[in-house]
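Here's the letter readout for the chains.
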Amino acid sequence: MHAKYVAANTKRLNVHNHKRARDTRNLHTSKVGQTRVHNEKRRIVNPTAANMRELKWSDELATVAQNYANKCVSGHNPYKSDEAESFKRVGENLYYSKYEATPRKAVEYWDNEKNSYDFGTNICTHEKTCSHYTQKWSAELAIVAQNYANKCTTEHNPYRNQQASFQEVGENLYWNTAQVSPSTAVDSWDNEKNYYNYGSNTCSPSKFCGHYTQKWSAELATVAQNYANKCNATVHNQFRHQQAPSFQTVGENIYMNTAQVSPSTAVNDWDDEKFYYNYGANTCSFVCGHYTQAHNMFRRNVEPTASNMVELQWNDGLAKMADRWARRCQFVHNSRRNNQSMFNFVGENLAYSSDDRKADSYVQMWYAEVKDYTFETNGCSAECSHYTQVVWATTEYIGCGKTYCANLNGFLVVCNYAPAGNYPTQPYRNCQPCSRCPEGYSCSDRLCRPP
C-alpha cells in the first residue's frame with residue numbers, strides 16, 4: 001500500500017477532487033461518477049457550507065440500494081437501516097423515470113428542491129418537498145454551527161457535544177472583517193502546519209496549531225508512514241509504542257498487495273475477518289472453508305448417488321446476511337432474507353449448541369435428518385428440510401455466520417443458501433455422479449464444479 005495517499009492532508013485532497021470534478025468523461029453510471037455528481041452539488045450549496053463532507057462510495061449501501069431497486073416498487077425501503085449493518089441510520093432517495101436516466105438526472109432533480117428550501121428556518125416552502133435535497137446535506141452539525149455563529153462570539157461553543165448526536169464534536173472558529181468563503185477559513189487553519197512539529201507534536205512558541213491538528217491527527221500517521229517506508233510488510237513495528245508518546249498503547253494493521261490499492265481496500269479486507277471471529281469465545285476460525293468443505297463432503301456422499309450435485313462456493317454477501325441475523329440471537333428464520341440479498345430466493349438453516357463446535361458438527365446435525373427422508377417418495381416422516389437444503393443439487397452458493405448468544409446460553413449458527421432449495425421435488429437426480437452436470441461444469445470428486 002502506498003501510504004502517501006493515506007497521509008495526504010485535507011487541502012490537497014480538496015484541490016485534487018475539485019480538479020477531478022471538472023472532468024466530464026462519461027463516468028456518471030460508475031461508482032466514481034455517481035459519487036462525483038453528488039459532491040459537485042454539495043460543494044456549491046448556498047449559503048456556503050463550512051463543514052460539508054466529501055461523500056465516499058459504500059459497496060454495502062450500493063448493494064442494499066440495488067437489491068431494493070430490483071423490486072421495482074415506489075415506496076421507501078423500511079428495512080434499509082437493518083440491511084446496512086455498518087450504519088446506525090440510512091437515508092434514501094428515490095427517482096423514477098419512464099426513460100433511461102443517468103444518476104446525474106436524478107441528482108439534478110433532487111437538487112432542484114433547494115428552490116423550495118429555506119436554510120434560515122430549515123423548512124420547506126410552498127407546500128413542496130425538500131427531503132431529497134436535504135438528504136444530500138447532513139444538516140445537524142451545520143445547524144449547531146450556524147446557530148452558534150449567529151451569536152457572533154469568538155469563544156468556543158461549550159454545549160456543542162450536547163447539541164449534536166455525536167459523542168464528541170470538534171470546532172474551528174474563523175473571524176474576518178470582510179465577507180469570506182469557507183475555503184478562506186480552511187486555508188487559514190491549514191497554514192498553521194507551518195508552526196507544527198510532527199516529531200514532538202508541539203507548536204512553535206507563541207503560535208497556535210489547534211485548528212490544523214483538528215483536521216488531521218498526524219502523530220500516528222507519521223509513525224505509520226515511517227514504518228511503511230521500510231517496506232517490511234510481514235513484521236509489525238515493535239517500537240510503535242515508543243514512537244507515539246501521546247498514546248499508552250498503539251495497535252497496528254498491515255496490508256500488502258502486489259498492486260496499488262486504496263486505503264478502503266485494506267480496511268475492507270481487515271473488516272471481512274469478522275466472519276472468522278467468535279465474540280463469545282474470543283477465538284478465530286476459518287469459517288468459510290470449514291462450512292463449505294463440510295457441506296460438500298456430505299453432498300458428494302449422498303445415497304442414492306447424485307448425477308447433478310453442484311459443488312458449493314462461499315459467498316460473502318450471504319455470509320454477511322447470515323452473520324447479521326445470527327447476532328440478533330433469535331432462533332427463528334429471517335423472513336426478509338430474500339429482500340436483503342442479490343439472489344431472488346435464499347434458503348436458510350439454523351442450528352444451536354450449548355457448547356462450541358466445529359463447522360462439520362453443525363452440518364452433521366442437519367444432515368442427520370436423512371434418516372427421516374425417503375428419496376423414492378420424496379417424503380419425510382419427521383423434520384427433514386434442513387437435510388434436503390444441505391443436499392439440494394442446484395444450490396450453488398453458501399454463506400454462514402456464528403455467534404455466542406447469552407440469552408440462549410449457547411452458540412447460534414445460520415447458513416444461507418442460493419438459489420434456495422426445498423421445492424416440491426426430489427433434492428437431486430439419481431444416477432452416475434457428474435453424469436448430468438450443467439453445461440460448462442466439470443466433474444470434481446463426484447461434484448459438478450462451476451466454470
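Residue indices follow the written sequence of each chain, beginning from 1 at its first position. The predicted origin of the model limits local features to residues at a pLDDT of at least 70 and limits the giving and counting of side-chain atom pairs to 80 or more, whereas totals for whole chains, interfaces and linings rest on all residues. The side-chain figures draw on all heavy atoms in the structure; neither hydrogens nor water molecules are used.

Chemist: Quick rundown of the overall build of the protein chain? Include the residues and the values.
Modeler: From N to C terminus, the protein chain includes 18 helices and 14 strands. Here the protein chain holds 451 residues, and 35% of them are scored as buried. Residues count as neighbours in contact if any of their non-hydrogen atoms are within 4.5 Å of one another. For the protein chain, long-range pairs separated by at least 24 residues make up 56% of all intrachain contacts whose partners lie at least 6 apart in sequence. Methods summary: accessible areas were calculated by the Shrake-Rupley approach with a probe of 1.4 Å, and residue burial reflects only the protein chains presented. In the structure as shown, the protein chain presents an accessible area of about 27,700 Å², 51% of it carried by carbon and sulfur atoms. The numbering of helices and of strands both runs from the N terminus, where a helix is a DSSP run of H or I of at least 4 residues and a strand a run of E of at least 2. When a residue's accessible area, from a 1.4 Å probe over protein chains only, is under 20% of the maximum for its type it is buried; when over 50% it is exposed; and in between it is partly exposed.

Chemist: How would you summarise helix 17 (residues 359-367) if you had to cite specific residues and measurements?
Modeler: Turning to helix 17, its buried residues are Ala359, Tyr362, Val363, Trp366 and Tyr367. Down the axis, helix 17 shows its buried residues gathered within 140° of arc, on one side only. Directions pointing from the helix axis toward each C-beta atom define the arc.

Chemist: Explain the sheet that holds strand 8 (residues 347-353) to me, and be specific about the residues and the numbers.
Modeler: One open sheet accounts for four strands, arranged 7-11-12-8; its pairing is mixed. Unpaired on one side and paired on the other, strand 7 (313-314) and strand 8 mark the two borders of the sheet. Sheet topology places strand 11 (residues 397-405) next to strand 12 (residues 410-418); nine bridges connect them, and they run antiparallel. The residue of strand 12 that forms the bridge with Lys402 is Val413. Here helix 16 (residues 316-326) sits on the sheet and contacts strand 7, strand 8, strand 11 and strand 12; the angle it forms with strand 11, its principal contact strand, is near 25°. For every element, the axis is a line fit to its C-alpha atoms; helices are fit only across the contacting stretch, and the angle between N-to-C directions ranges from 0 to 180 degrees. Helix 17 contacts strand 8, strand 11 and strand 12 of the sheet and is inclined by roughly 115° relative to strand 8. Strands are treated as partners if at least two bridges between them are detected by DSSP.

Chemist: Can you break down the confidence of the model for the protein chain residue by residue, with the values?
Modeler: Scored by pLDDT, the protein chain comes out at a mean of 78, with 75% of its residues at no less than 70. When pLDDT is averaged over each element of the protein chain, helix 18 (residues 385-390) comes out on top at 97 and helix 1 (residues 4-7) at the bottom at 40. A low-confidence stretch, residues 1-13 (pLDDT under 50), is modelled with 19 contacts involving residues beyond four sequence positions or located in other chains. The pLDDT value expresses, per residue, how confident the predictor is, ranging between 0 and 100. Segment residues 18-29 is flagged for pLDDT under 50; beyond a separation of four residues in sequence, or across chains, it makes 16 contacts in the model.

Chemist: Explain unusual backbone geometry residue by residue, including any values.
Modeler: Cis geometry is found at the peptide bond from Glu303 to Pro304, where omega equals -5°. Within the secondary structure layout, Pro304 lies in the loop between helix 15 (287-300) and strand 7. Of note, the bond from Ala418 into Pro419 is cis; its omega dihedral lies within 30 degrees of zero at -10°. At Asn409, a residue that is not glycine, the phi angle is positive and equals roughly 55°. Tracing the sequence through the fold places Asn409 in the loop between strand 11 and strand 12. Overall, Asn409 belongs to the exposed group, its relative accessible area being 53%.

Chemist: Could you give me a rundown of the environment of Lys358, with the residues and numbers involved?
Modeler: Positionally, Lys358 belongs in the loop between strand 8 and helix 17. The spatial distance from the C-alpha of Lys358 to the C-alpha of Ala294 is 9.8 Å, given a sequence separation of 64 residues.

Chemist: Run through the side chain of Asn308, naming residues and quoting values.
Modeler: As for its placement among the helices and strands, Asn308 is situated in the loop between helix 15 and strand 7. N or O atoms within 3.5 Å of each other form a polar contact, as long as, within protein, one can give a hydrogen and the other can take it, and as long as residues adjacent in sequence are counted only when both atoms are side-chain atoms. Of the polar contacts made by the side chain of Asn308, one reaches the backbone nitrogen of Arg429; its length is 3.0 Å. Setting aside residues no more than four positions away along its own chain, Asn308 makes contact with Ala393, Tyr428, Arg429, Arg436 and Cys448.

Chemist: Tell me what's going on with helix 4 (residues 59-69), and back it up with residues and numbers.
Modeler: Helical periodicity: at 3.6 residues per turn, an α-helix aligns residues three or four positions apart in one direction. Considered for burial, the residues of helix 4 that qualify are Val64, Asn67 and Tyr68. In a view along the axis of helix 4, the buried residues occupy a sector of 100°, so they form one face of it.

Chemist: Account for the nonpolar core, with residues named and values stated.
Modeler: Grouped together as the largest cluster of nonpolar side chains are 28 residues, with contacts concentrated most on Tyr291, Met309, Trp366, Val391, Cys415 and Tyr428. Put simply, the parts of the chain that give this core at least two residues each are helix 15, helix 17, helix 18, strand 11 and strand 12. A total of five residues in this core trace back to one element, the largest contributor, which is helix 17. Other than its neighbours up to four places away in sequence, Cys415 contacts Tyr291, His295, Gly347, Glu348, Asn349, Trp366, Ile398, Gly399 and Cys400. Grouping buried Ala, Val, Leu, Ile, Met, Phe, Trp, Tyr and Cys residues that are joined through side-chain atoms within 4.5 Å yields what is termed a nonpolar core. Of all hydrophobic cores here, the second largest spans eight residues; its members include Ala322, Ala326, Leu350 and Leu412.

Chemist: Residue-level account of the pairing of strand 11, with values.
Modeler: Burial within strand 11 is extensive, with seven of its nine residues counted as buried. In the sheet, strand 7 pairs with strand 11 via two bridges, with the strands oriented parallel. Note that in strand 11 the partner of Trp314 across the bridge is Ile398.

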